[in-house]
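# Working through the structure, step by step
Letter by letter, the chains look like this.
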Amino acid sequence: MTPQAKLIFTSSLILGTTITISSNHWITAWAGLEINTLAILPLIAKSHHPRAIEAATKYFLIQATASALLLFSAMMNAWHTGQWDITQLTHPTACLILTSALAMKLGLAPFHFWFPEVLQGSPLTTALLLSTLMKFPPMTLLFMTSPSLNPTLLTYMAILSTALGGWMGLNQTQIRKILAFSSISHLGWMAIIVSYHPKLTLLNFYLYSLITATVFLTLNTIKTSKLSTLMTTWAKTPALSTMLLLTLLSLAGLPPFTGFLPKWLIIQELTKQSMAPAATTISLLSLLSLFFYLRLAYCATITLPPHTTNHMKQWHISKPTPSAIAILTTTSTMLLPISPLILTTV
């Protein structure tokens, strides 16, 4: 892909995201989502591999269906109430259809099946965009419409999402699929709290995006996409492998790291809302995803490859660690001590 084409598509992505997150009218929000979808498709399919073409086709079909449902729910609400404002969504059927549309956009269970396949067919940099930037506009719409949505439905979807994200990621060997199921699991944590404390959902999304960006950029630097090649990285880039270990533990939500902060706050808020059973269930289900994070971390730092590997030996890389990855790793692991400062913004 030429640099000019890449610039146009990247600019369109930023434009589409900006239009959606800054609009208060359903038509402009929908237009921004459509621009986003059309701009990311060439980036998914740029390798011309059959799997990439399949991923782009699946992504287009799912996003087009979700956009049609979103527009349908907005028109239904406008028909009954005369309001096109995003925050004035009051008709119950329109709210239900919108929940389905946003769940499809985000990859929230039970509309999650497309996400691992699309991520597996995309390059690592495009997979990073799909996991973070492309989820920001629908997350903003979920934030704006959260008072109108059904909390019980969102709680059930969230618990299902965390359960499926954990269970289905256990047996994977492809790192992009593991990170896709990790994303589905994290979306469960965001969805369960959106009706009670929407700002916590956004905080969780920001921190998740930060940590996921670190993981994807590290994997892109060491050119790794499966567990078998991840096992050889310690001899090649020990510093990056150590960073990857700490970032994965943060993504799992273990206490000394940044990733523990949103889970702690969400469990605290759910307990305040007399939802201790839901908080206990989602906490126990997140142990499933902890298993595959530990498996990734184990492969990256502890496992030495056998001498009979069938892939090519890779030479030691003496290049320094990119400064962007160093900064992202630091923020991905060490923000917990400044949590009082972060709490003042929530």
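Residues numbered from 1 in each chain as written. Predicted model: local features only at pLDDT ≥ 70, side-chain atom pairs only at ≥ 80, totals over all residues. Heavy atoms only, no water.

## Focus: the packing of aromatic side chains
Test applied: For Phe, Tyr and Trp, rings pair up if their centres lie within 6.5 Å, where Trp contributes its six-membered ring, and each pair is then called stacked (planes under 30 degrees apart), edge-to-face (over 60) or tilted (otherwise). Placement of a charge over a ring requires the Lys NZ or Arg CZ to be within 6 Å of the ring centre, with the centre-to-atom vector within 35 degrees of the ring normal.
Enumeration according to the criterion identifies seven aromatic pairs in this entry. Pairwise contacts between aromatic rings join Tyr 59, Trp 114 and Phe 115 into one cluster. The cationic tip of Lys 135 hangs over the ring face of Phe 115; the distance from NZ or CZ to the ring centre is 3.9 Å.

## Focus on a nonpolar patch on the surface
The cut-off we apply is this: Patch membership requires over 30% relative accessible area and the absence of a salt bridge. Like charges are linked within 9 Å, and nonpolar side chains (Val, Leu, Ile, Met, Phe, Trp, Tyr) within 5 Å. In these tables, accessible area is a Shrake-Rupley quantity obtained with a 1.4 Å probe, and a residue counts as shielded only by the protein chains included in the view. Within this document, salt bridges are pairs made up of a side-chain nitrogen of Lys or Arg and a carboxyl oxygen of Asp or Glu, the two lying within 4 Å of each other. In this text, helices come from DSSP runs of H or I with a minimum length of four residues, and strands from runs of E with a minimum of two, each type numbered from the N-terminal end. Working definition: with a 1.4 Å probe on protein chains only, accessible area under 20% of the residue-type maximum means buried, over 50% means exposed, and in between means partly exposed.
Residues Ile 27, Met 75 and Trp 84 make up a contiguous nonpolar surface patch of about 260 Å² in total accessible area. In this structure, Ile 27 sits in helix α2 (residues 26–44). Residue class for Ile 27 comes out partly exposed when judged on its relative accessible area of 37%.

## Looking at the nonpolar core
Stated precisely, the cut-off is as follows: Buried Ala, Val, Leu, Ile, Met, Phe, Trp, Tyr and Cys residues that are joined via side-chain atoms within 4.5 Å together make up what is termed a nonpolar core. Boundaries between domains were set according to an automatic or database domain assignment. Contacts are assigned to residue pairs with any non-hydrogen atoms lying within 4.5 Å of each other.
Residues Tyr 59 and Leu 230 are the most contacted members of the largest nonpolar core, which totals 98 residues. Residues lining this core come from more than one domain, with at least three contributed by each of domain 1 (1–105) and domain 2 (147–306 + 317–345). The residues contacting Tyr 59, other than those within four sequence positions of it, are Thr 37, Ile 40, Leu 41, Ile 44, Trp 114, Val 118, Leu 130 and Met 134.

## Focus: the pattern of salt bridges
Considering all chains together, one arrives at two salt bridges under this definition. Between Glu 54 and Lys 58 there is a salt bridge, with its nearest N and O atoms 2.8 Å apart. Within this pair, Glu 54 and its partner Lys 58 are both found in helix α3 (residues 50–81), separated by four residues, close to a single helical turn. Exposure remark for Glu 54: the relative accessible area of 39% places this residue in the partly exposed category. The salt bridge partner of Lys 177 is Glu 117, with a shortest N-O separation of 3.4 Å. Taken together, the positions of Lys 177 in helix α9 (residues 175–193) and Glu 117 in helix α5 (residues 114–120) put the pair 60 residues apart, joining distant regions of the chain. According to the relative accessible area criterion, Lys 177 is buried, its value standing at 17%. Glu 117 sits in the partly exposed class, given a relative accessible area of 27%.

## Some thoughts on the packing of α9 against helix α14 (residues 260–272)
Counted only if it meets this: Fitted lines through C-alpha atoms give the axes, limited to the stretch in contact for helices. The angle between two N-to-C directions lies from 0 to 180 degrees. Definitions for this section: a left-handed crossing has its near helix turned counterclockwise from the far helix by less than a right angle. A right-handed crossing has that turn clockwise.
Relative to each other, α9 and α14 sit at 35°, their axes nearing to 10 Å. Judged by the sense of rotation from one axis to the other, the crossing of α9 with α14 is left-handed. In this structure, α9 uses Trp 189, Ile 192 and Ile 193 to contact α14, whose residues at the interface are Lys 263, Ile 266, Ile 267, Glu 269 and Leu 270.

## Description of the UniProt feature "domain: NADH:quinone oxidoreductase/Mrp antiporter transmembrane" (unreviewed entry) in the protein
So the rule is basically this: UniProt positions are given in the numbering used here, feature names are shortened, and annotations may be inferred rather than shown by experiment.
When the UniProt feature table is mapped onto this chain, "domain: NADH:quinone oxidoreductase/Mrp antiporter transmembrane" (unreviewed entry) is found at residues 23–288. For residues 23–288, helix accounts for 76% and strand for 0%, while the C-alpha atoms at its two ends are 38 Å apart.

## Some words on helix α13 (residues 238–252)
Worth spelling out the cut-off: Multiply 1.5 Å by the residue count of a helix minus one, and that product is the helix's expected span.
For α13, which comprises 15 residues, the first-to-last C-alpha distance of 21 Å matches the rise-based estimate of 21 Å (1.5 Å per residue) to within 8%. Considered for burial, the residues of α13 that qualify are Leu 240, Ser 241, Met 243, Leu 244, Thr 247, Leu 248, Leu 249, Ser 250, Leu 251 and Ala 252. At the C-terminal side of α13, Gly 253 shows a positive phi close to 90°.

## Some points on the packing of helix α10 (residues 198–221) against helix α16 (residues 323–333)
Rules: Three categories are distinguished: nonpolar for Ala, Val, Leu, Ile, Met, Phe, Trp, Tyr, Cys and Pro, charged for Asp, Glu, Lys and Arg, and polar for the others, with Gly belonging to the last.
Viewed as axis vectors pointing N to C, α10 and α16 meet at an angle of 145°, and their least axial separation amounts to 9 Å. Pair α10 / α16 crosses with left-handed handedness. The segment α10 lies against α16, with Leu 210, Ile 211, Thr 214, Leu 217, Thr 218 and Thr 221 engaging Ile 325, Leu 328, Thr 329, Thr 331 and Ser 332. When grouped by side-chain class, the residues that make up the contact of α10 with α16 number five nonpolar, six polar and no charged.

## Quick notes on the domain arrangement of the protein
Condition: Throughout, buried area stands for the accessible area (probe radius 1.4 Å) lost by two parts on being put together, summed over both.
Looking at the protein, the domain boundaries give domain 1 (1–105) and domain 2 (147–306 + 317–345). Between the C-alpha centres of domain 1 and domain 2 the distance comes to 25 Å. Contact with domain 1, which involves six residues of that partner, is made by five residues of domain 2. Across the domain 1 to domain 2 interface the summed buried area is about 460 Å²; carbon plus sulfur atoms make up 76%. A per-residue breakdown of the area domain 1 buries against domain 2 is headed by Leu 89, Cys 95 and Thr 99, which together make up 63% of the total. Between domain 1 and domain 2 we count zero salt bridges in total. Looking at side-chain class alone, the side of domain 1 that touches domain 2 contains five nonpolar, one polar and no charged residues.

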